[in-house]
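Chain residues, written in single-letter form:
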Amino acid sequence: MARLPRYVLPGQPQHVIQRGNNRGVTFFAAEDYASYRECLREAGDRHGCAVHAYVLMTNHVHLLLTPDTPSSIAKVMQSVGRRYVQYINYTYRRTGTLWEGRYKATLIDSEPYLLICSRYIELNPVRAGIVAHPCDYPWSSYRAHAHGQADTLIRDHALYQALGETNSGCQEAYRELFKVQLDPAIVNLIRESTNKAWALGNERFREEIEAALQRRTRLHLIWA
């Protein structure tokens, strides 16, 4: 099967998913989550890639990233993959691959979609039945966004910063967003779009992306 093309536009956020090989476990202990997070922070700083939201699940990760260059995300994922696999193999005396060969990603239209995507990411442990509330899960960006917990990995997007005039105002407004359940249709759309490398946005977004990239992309339209 032909590989789905990855469309990258500097300054445009992307939702990125990487799964364990054969959906196998990728995090075995608390130290593993901490190691991955540090690898991601260092790679993002080195290769020019902002991390706006994340969740580290037992066998996969979800990331909300904005690249500075067309190669930023690829370099970050390659760096994290290499360093983290080395760490896991050394720690657990194992060999071989840990991740699926390719991460999946989709361009997203910031204005209507970025905060929805952030909620989708941070609600993963709730949908999986691991916790009752995202605040109860330690390996995501929710506590930083909703309660101001220090997290050196996160670089807040301008749309998050616009939620309030102060940090506490942003946090309060962000908590309010979680009082409204995500529409199941939107959840399915996010999954489908990321798995199929579609971009998410309206007709204006489609035209802007195609003009910027000088090639056609298949985009699923919402909020037209």
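Higher on the page you've got the structure.
Presented here is a report on the structure given in the accompanying data block. Here the structure is a predicted model, which is why all the values come from computation and not from measurement.

Conventions used here
- Residues numbered from 1 in each chain as written.
- Predicted model: local features only at pLDDT ≥ 70, side-chain atom pairs only at ≥ 80, totals over all residues.
- Heavy atoms only, no water.
- Helix = DSSP H or I, 4+ residues; strand = E, 2+ residues; numbered from the N terminus.
- Contact = heavy atoms within 4.5 Å.
- Patch = residues over 30% accessible without salt bridge, like charges linked within 9 Å, V, L, I, M, F, W, Y side chains within 5 Å.
- Areas by Shrake-Rupley, 256 points an atom, 1.4 Å probe, with all protein chains shown as cover.
- Salt bridge = Lys/Arg side-chain N within 4 Å of Asp/Glu carboxyl O.
- Phe/Tyr/Trp six-rings, centres within 6.5 Å; stacked < 30°, edge-to-face > 60°.
- Buried < 20%, exposed > 50% of the residue type's maximum accessible area, 1.4 Å probe, protein only.
- Lys NZ or Arg CZ within 6 Å of the ring centre and 35° of its normal.
- Pairing = 2+ DSSP bridges.
- Axes fitted to C-alpha atoms, helices over the stretch in contact; angles between N-to-C directions.
- Polar contact = N/O pair within 3.5 Å; in protein donor to acceptor, adjacent residues only side chain to side chain.
- Parallel < 35°, antiparallel > 145°, perpendicular 65-115°, else oblique.

### Concerning the environment of Pro13
And step 1. Residue placement: Pro13 occurs in the segment before strand S1 (14–19).
And step 2. In this structure, the C-alpha to C-alpha distance between Pro13 and Val51, residues 38 residues apart in sequence, is 9.4 Å.
And step 3. Residue contacts for Pro13: discarding those within four places in its chain leaves Leu64, Leu65, Thr66, Thr106, Leu107, Ile108, Ser110, Leu114 and His157.

### Considering a nonpolar patch on the surface
And step 1. A cluster of nonpolar residues, Val25, Phe28 and Tyr92, forms a patch on the protein surface that exposes about 260 Å² of accessible area.
And step 2. Here Val25 lies in the loop between S1 and helix H1 (30–47).

### Looking at the packing of aromatic side chains
And step 1. Summed over all chains, the structure comprises 14 aromatic pairs.
And step 2. Seen from their ring centres, Phe27 and Tyr36 are 5.5 Å apart, and the 80° between their planes marks the pair as edge-to-face.
And step 3. Taking 6.1 Å as the distance between ring centres and 45° as the angle between the ring planes, the aromatic pair formed by Tyr84 and Trp99 counts as tilted. Remark: Trp99 occurs in the loop between helix H2 (72–91) and strand S4 (104–107) and Tyr84 occurs in helix H2; sequence separation between them is 15 residues.
And step 4. Among the residues examined, Tyr84 registers a relative accessible area of 0% and is labelled buried.
And step 5. One residue, Arg93, lies across the ring of Tyr90, its end atom 5.1 Å from the ring centre.

### What to know about the sheet that holds S1
And step 1. The antiparallel open sheet is built from four strands, whose spatial order is S2-S3-S1-S4. Unpaired on one side and paired on the other, strand S2 (49–56) and S4 mark the two borders of the sheet. On average, each strand axis in the sheet is inclined to that of its neighbour by 20°, with strand direction left out of account.
And step 2. Here four bridges tie S1 to S4, and the two strands are oriented antiparallel to one another. Bridge pairing links Ile17 to Lys104 in S4.
And step 3. Contacting S1, S2 and strand S3 (60–67), helix H3 (residues 110–122) runs over the sheet at an angle of about 155° to S3.

### Topic: the environment of Leu153
And step 1. Mapping Leu153 onto the fold places it in the loop between helix H5 (142–147) and helix H6 (158–161).
And step 2. A sequence separation of twelve residues divides Leu153 from Ser141, and the C-alpha atoms of the two residues are 8.7 Å apart.
And step 3. Excluding residues within four positions of it along the chain, Leu153 makes contact with Arg37, Leu40, Arg41, Val51 and Tyr54.

### Describing the environment of Arg127
And step 1. Along the polypeptide, Arg127 turns up in helix H4 (residues 124–127).
And step 2. Assessed through its relative accessible area of 33%, Arg127 is described here as partly exposed.
And step 3. Those residues in contact with Arg127 that sit more than four places away from it in its chain are Tyr120, Leu182, Val187 and Arg191.

### Some thoughts on the pairing of S1
And step 1. Of all six residues that make up S1, six are buried, and the element is covered over most of its length.
And step 2. The pairing of S1 with S3 spans six bridges and is classified as antiparallel. Bridge pairing in S3 links Val16 to Leu63.

### Details of the side chain of Thr194
And step 1. If you trace the backbone, Thr194 turns up in helix H8 (residues 184–195).
And step 2. Only 3.0 Å separates the side chain of Thr194 from the side chain of His15, close enough to count as a polar contact.
And step 3. Excluding residues that lie within four positions of it along the chain, Thr194 makes contacts with His15, Ile17, Lys104, Ala105 and Thr106.

### Describing unusual backbone geometry
And step 1. Phi is positive for Asn22, close to 55°, though the residue is something other than glycine.
And step 2. Here Asn22 shows up in the loop between S1 and H1.

### As for the packing of H3 against H8
And step 1. Interhelical geometry of H3 versus H8 gives an angle of 90° and a closest axis separation of 11 Å. As summarised for this structure, H3 and H8 are arranged roughly perpendicular, according to the angle between their axes. Counting all contacts with H3, which are made through Tyr113, Ile116 and Tyr120, the residues of H8 involved are Ile186, Val187, Ile190 and Arg191.

Such coordinate-based values are descriptive only and should not be taken to indicate function.
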